[in-house]
Amino acid sequence: MSFATKRLGKELAKVHGNLPPGIALVTAEGFQEWLLDIQVLDANPIYMGQTYRLKFKFSSSYPIEPPEVTFVAGPDRPIPMHPHIYSNGIICLDLLGTQGWSPVQNVESICMSLQSMLTGNTKNERPEGDEQFVASNRRRPRDIDFYYHDNTV
């Protein structure tokens, strides 16, 4: 059993037991891909009443390497509008990159960070260059070198 499998087994047991408000496990088939739903629980009018779906993809190097986390669209599950979330669901957040990642982070803390990122947002817009990025990007989120220049949203 790999270290990633052990760690994800512990996380899954905790997730099944108790998650913070606004976070729900949808599926966790195996230790490679999980789906979770998150909601913003404050009165932010941009996200009020919405539920968003996250896809977590884990490599065999997890938790040394961050999971690949994206928003996925589905029935009643839009991609949230945010200056750091592309319309294809890719999230520009240092926590999800190699530089900002720490193995002490976990699925729950990532979900809570994303809830917080949405809660504090006041701009109902996509990142600059969204249309061009979505049309031309062929890289996995973890292979994109984002320039983290604006942590005010």
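Residues numbered from 1 in each chain as written. Predicted model: local features only at pLDDT ≥ 70, side-chain atom pairs only at ≥ 80, totals over all residues. Heavy atoms only, no water.

Identification of the protein chain as Putative ubiquitin-conjugating enzyme E2 W from Venustampulla echinocandica is taken from an unreviewed UniProt entry.

Asker: Would you take a moment to explain the nonpolar core for this structure?
Answerer: A general feature of soluble globular proteins is that nonpolar side chains tend to end up buried together. Among the nonpolar cores identified, the biggest contains 31 residues, and Ile-38, Leu-54, Phe-56, Phe-71, Ile-91 and Leu-114 are the most heavily contacted of them. The set of elements that each furnish at least two residues to this core consists of helix H1 (3-17), strand E2 (33-38), strand E3 (52-57), strand E4 (68-72) and helix H2 (107-119). It is H2 that contributes the most residues to this core, six residues altogether. When neighbours within four sequence positions are excluded, Ile-38 is seen to be in contact with Gly-22, Ile-23, Gln-50, Thr-51, Tyr-52, Leu-54, Phe-71, Cys-111, Leu-114, Gln-115 and Leu-118. (Core = buried A, V, L, I, M, F, W, Y, C linked by side-chain atoms within 4.5 Å. Buried < 20%, exposed > 50% of the residue type's maximum accessible area, 1.4 Å probe, protein only. Helix = DSSP H or I, 4+ residues; strand = E, 2+ residues; numbered from the N terminus. Contact = heavy atoms within 4.5 Å.)

Asker: How should the sheet that holds strand E1 (residues 23-29) be read in this particular structure?
Answerer: Taken together, four strands build an open sheet; the order of strands is E1-E2-E3-E4 and the sheet is antiparallel. With one partner strand each, in any of the chains shown, E1 and E4 form the two edges of the open sheet. Averaged over all pairs of adjacent strands, the angle between strand axes in this sheet comes to 25°, irrespective of strand direction. Two strands pair when backbone bridges link them, and E1 and E2 are joined in this way by six bridges, in the antiparallel orientation. Its bridge partner being in E2, Leu-25 is matched across the sheet by Leu-36. Helix-sheet contacts for H1 involve E1 and E2, and the interaxial angle to E1 is about 135°. Packing of H2 onto the sheet brings it into contact with E1, E2, E3 and E4, and relative to E2 it is tilted by some 35°. (Pairing = 2+ DSSP bridges. Axes fitted to C-alpha atoms, helices over the stretch in contact; angles between N-to-C directions.)

Asker: Can you help me understand the pairing of E4 in this one?
Answerer: For a regular strand, the rule is simple: side chains alternate between the two faces of the sheet. Across the five residues that make up E4, a large majority, five, are buried. Across the two faces of E4 the burial is the same, with Glu-68, Thr-70 and Val-72 and Val-69 and Phe-71 all buried. Relative to E4, E3 runs antiparallel, the two sharing five bridges. Note on E4: the bridge partner recorded for Arg-53 is Val-72.

Asker: Just to check I follow, could you spell out H1 for this structure?
Answerer: An α-helix turns once every 3.6 residues. As a result, residues three or four positions apart point the same way. Taking 1.5 Å of rise per residue, 15 residues should cover 21 Å, and H1 covers 21 Å from first to last C-alpha, within 8% of that figure. Among the residues of H1, those classed as buried are Ala-4, Arg-7, Leu-8, Glu-11, Leu-12 and Val-15. The arc that holds every buried residue of H1, seen down its axis, measures 140°, which confines them to one face. For H1, the exposed residues set more than 90 degrees away from the buried face come down to Lys-10, Ala-13, His-16 and Gly-17. (Expected span 1.5 Å × (residues − 1). Arc of directions from axis to C-beta.)

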